[in-house]
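# Notes for the structure review
Read off the chains here:
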Amino acid sequence: MALFNLGSTTPQYMEQPLFDAAIFRFYCLRHQYEDFQSFWHAKKVGSSGAEIRLVDSLFAQAVNYTKDEHLKAQLSQACLEIEKYWNLKFGSSPEALSVFSSIKSQAEEALLKSEAQTQEVNARSTQCPLNPDTRVDSCMRNLYRYEMQISQSNSVSFDIQTKIHFFLSGLNESLSSSFKYSGSVLKVLEQDSYIQNEDTTWGRWTLFRDSTGYSDVWVVRIKNGKAEVVKALSKLNQDTYELDESIRGIHFDSEIFKAIDKTQISAFENSEFNLSPPSYFQMLSMLNAIGVGVFERR
């Protein structure tokens, strides 16, 4: 391949398409580890039977670029920047990886196109990029661009049970505030309140049903001081939930406005600690990325 070895025409600097593809391929292993530190310092058994660092498979990409003195540092920095963005937004679950795989596929497609162009115009392979110091920033800009294009591939979808799993994950009523709604107890789960942006807050509420003895779970969007139920989960028995993804309006009274205020205050407090978004919001983000459009008001 032209970017790897053309004898005397071997490029001195790793070009952007190969840089991106190398980073995205490596980051696809992230979901196998609990946190970034475990991922970055992980070891594996190589083909020789000896134990080697996982990250060495990434740094091996730099062998052909002996004069590219900042390449290893930039590979490391790019991985950390992706972690700060992707893991905070989508998490590190296998489902988040399935979404990220679309990023990797787009980067590999861009690499193939770049290699084809280089083979057609050999002179290009001897040229240094205009500014190799911008590779990390360019990698992140390409990631954002590829993320916007995920919905066009139709390569990722989530079944009902997967969505239910995320919408219920970490459910804990121990830290909650109680209000009244239609004669029942409504609880705002304070630790689940989350700020999407300056206009929109999300929360997870539960509503006890006397008729069944179970509580429904509501994923609630608050915008312009008004709340609506975006996802509703009804408990049918001890182990089974039913998911309703239609938008539900909420009857507003003084108690509901108190619940809204409590959700917004809790979301603001949570944001001060820079907490990762709760699992239900990670699923909402993944659904939005694949084109479901849950962040759009319908």
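This text goes with the structure placed above it.
Summary of the structure given here. (Residues numbered from 1 in each chain as written. Predicted model: local features only at pLDDT ≥ 70, side-chain atom pairs only at ≥ 80, totals over all residues. Heavy atoms only, no water.)

## Some remarks on the nonpolar core
Residues Ile-23, Phe-24 and Trp-86 are the most contacted members of the largest nonpolar core, which totals 64 residues. Considering every element that reaches this core, the biggest residue donor is helix 1 (residues 16-27), with eight residues. Those residues in contact with Trp-86 that sit more than four places away from it in its chain are Tyr-27, Gly-91, Ala-96, Val-99, Phe-100, Ile-103, Leu-143, Glu-147 and Ile-150. Counting 16 residues, the second largest nonpolar core, distinct from the first, contains Tyr-181, Ile-222, Ala-227 and Ile-260. (Core = buried A, V, L, I, M, F, W, Y, C linked by side-chain atoms within 4.5 Å. Buried < 20%, exposed > 50% of the residue type's maximum accessible area, 1.4 Å probe, protein only. Helix = DSSP H or I, 4+ residues; strand = E, 2+ residues; numbered from the N terminus. Contact = heavy atoms within 4.5 Å.)

## With respect to the side chain of Thr-201
Residue placement: Thr-201 occurs in strand 6 (residues 200-209). Residue Thr-201 is classed as buried on the basis of its relative accessible area of 9%. Not counting the four nearest positions on each side in its chain, Thr-201 is found in contact with Tyr-194, Ile-195, Val-220, Arg-221, Ile-222, Thr-263, Gln-264 and Ala-267.

## Some points on the packing of aromatic side chains
Within this structure, the stated rule accounts for 19 aromatic pairs. Aromatic side chains Trp-40 and Phe-59 sit 6.1 Å apart centroid to centroid with 80 degrees between the ring planes, which places their arrangement in the edge-to-face category. Linking Trp-40 in helix 2 (residues 36-40) with Phe-59 in helix 3 (residues 56-59), this pair joins segments that are 19 residues apart in sequence. A relative accessible area of 13% places Phe-59 in the buried class. (Phe/Tyr/Trp six-rings, centres within 6.5 Å; stacked < 30°, edge-to-face > 60°.)

## A look at the packing of helix 4 (residues 71-90) against helix 9 (residues 279-289)
Helix packing for two helices is described by the angle between their axes and how far apart those axes are. Contact pair helix 4 / helix 9: the axes reach a minimum separation of 7 Å and the direction vectors enclose 105 degrees. One finds that helix 4 runs roughly perpendicular with respect to helix 9. Here Asn-87, Lys-89 and Phe-90 of helix 4 lie close against helix 9, whose contacting residues are Gln-282, Ser-285, Met-286 and Ala-289. (Axes fitted to C-alpha atoms, helices over the stretch in contact; angles between N-to-C directions. Parallel < 35°, antiparallel > 145°, perpendicular 65-115°, else oblique.)

## Here's the deal with the pairing of strand 7 (residues 214-223)
Taking burial as the measure, the ten residues of strand 7 include seven buried ones, the bulk of the element. With antiparallel pairing between neighbouring strands as the criterion, strand 6 and strand 7 make up a hairpin whose turn holds four residues, including Gly-213 at a positive phi of roughly 80 degrees. Taken together, the seven bridges between strand 7 and strand 8 (residues 226-235) define a ladder with antiparallel strand orientation. By the bridge assignment for strand 8, Val-220 is matched with Val-229. (Pairing = 2+ DSSP bridges.)

## Considerations on the pattern of salt bridges
If you walk through the whole model with that rule in mind, you get 15 salt bridges. Where Glu-108 meets Lys-104, a salt bridge forms, and the shortest distance between an N and an O atom there is 3.7 Å. With Glu-108 and Lys-104 both in helix 5 (residues 94-120) and four residues apart, this pair spans about one turn of that helix. The class for Glu-108 is partly exposed, based on a relative accessible area of 23%. (Salt bridge = Lys/Arg side-chain N within 4 Å of Asp/Glu carboxyl O.)

## So, the state of the cysteines
Here the structure, examined in full by the defined rule, presents zero disulfides. Left unpaired, Cys-28 is separated from the closest cysteine sulfur, that of Cys-79, by 11 Å. A relative accessible area of 10% means that Cys-28 is categorised as buried. Lacking any disulfide linkage, Cys-79 is separated from the closest cysteine sulfur, that of Cys-139, by 8.4 Å. Note on Cys-79: relative accessible area 0%, which makes it buried. (Disulfide = S-S within 2.5 Å.)

## A short note on the environment of Ala-107
Along the chain, Ala-107 falls in helix 5. You can call Ala-107 buried: its relative accessible area is 1%. With 88 residues separating them along the chain, Ala-107 and Phe-19 place their C-alpha atoms 9.4 Å apart. Excluding residues that lie within four positions of it along the chain, Ala-107 makes contacts with Asp-20, Ala-21, Phe-24 and Tyr-146.

By themselves, these are just geometric observations and shouldn't be taken as functional.
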